[in-house]
Amino acid sequence: MLIIKTFIYITIMSIVTANNEFGIFEAANSHYNEGNYGDSIELYEKIILDDFHSSDLYYNLGNAYYRQGLVGQSIWAYNKAILLNPRLGDAKYNLEIAMASMKDRIVLPSELLPVQIYISIKSNYTFNEWLLIGSLVVLFTVCFFVASKFFIFSNEIVQKSLFMLVILTTVLHLILIDLFFEQNTQQSGIIISNEVNAYSGPFVGENTMLFTINEGTRAKIYQKQGDWIEIAIINGDKAWIPSKTFRPL
């Protein structure tokens, strides 16, 4: 009986909390529509601090930050929206606009066409969606194999079908492994402050300033020390920057 009461209490509290967050979200949207972008940002960020996340929330937050001229924060928010919903076309479009306004944007050479196709396919779904697709294909493969033992199929059709399913299963699991290591090796994030001085070590006085990084630049974290983090930007350059200038994705 105690377990049932606890479950009911948790359910009711979850509903109440969700309704409260939805009310804050609506209020934030109203502030945005009225042009009060600072107030809308404050409310959107409050929802995030309360550990509620959605692609629409981050998309709206990105729009508000961009309207405020905070390019780095807007790029961070659009990236968060795309991580939650890779098929959110509006967020991708606005991200390109925000990135186009970056100062000294680093542009790497285009990948080979097969690599571009692979990246496009891989990035079209989240890790959990790929996991679901892979699980369904494995289930279908097992069912097909079992059915082939009880029903009359042409041996050639069975062999070709099973071969194709095995290939598909292998490809899907390779994509899952790639996504897993991509998300669990170094944490990536966005530089949210403009003209950040990058140093050779985690202190200002005894280390050399190597270069300056502009807001919106994507980087990976290698290590942390106090209020400093060692990052690497997309061209491979590594340096230490204050952690407050960087926002993890």
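Residues numbered from 1 in each chain as written. Predicted model: local features only at pLDDT ≥ 70, side-chain atom pairs only at ≥ 80, totals over all residues. Heavy atoms only, no water.

It is worth spelling out the pairing of strand β6 (residues 238-242) at this point. Pairing of strand β5 (residues 228-233) with β6, which is carried by five bridges, proceeds in the antiparallel orientation. Within β6, the position partnered with I229 by the bridge is I241. Counting the residues that bridge the hairpin from β5 to β6 gives four residues, and of these G236 lies at a positive phi of roughly 100°. (Pairing = 2+ DSSP bridges. Helix = DSSP H or I, 4+ residues; strand = E, 2+ residues; numbered from the N terminus.)

In this model, D51 sits at a positive phi of 70°, which is unusual for a non-glycine residue. Of note, D51 is situated in the loop between α2 (37-49) and α3 (55-67). The class for D51 is exposed, based on a relative accessible area of 57%. Of note in this structure, E195 is not a glycine but carries a positive phi near 55°. Within the element layout of this structure, E195 appears in the loop between β1 (188-191) and β2 (196-199). (Buried < 20%, exposed > 50% of the residue type's maximum accessible area, 1.4 Å probe, protein only.)

The biggest cluster of nonpolar side chains holds 29 residues, and the ones touching the most others in it are Y44, L61, I75 and W76. Elements that contribute at least two residues to this core include exactly α1 (2-33), α2, α3, α4 (71-84) and α5 (89-100). Among the elements that take part in this core, α4 stands out by supplying seven residues, more than any other. Non-local contacts of I75, meaning those with residues more than four positions away in its chain, are made with L95, A98, M99, M102, I190 and G216. With 13 residues, the next largest nonpolar core counts V196, A198, F211 and I233 among its residues. (Core = buried A, V, L, I, M, F, W, Y, C linked by side-chain atoms within 4.5 Å. Contact = heavy atoms within 4.5 Å.)

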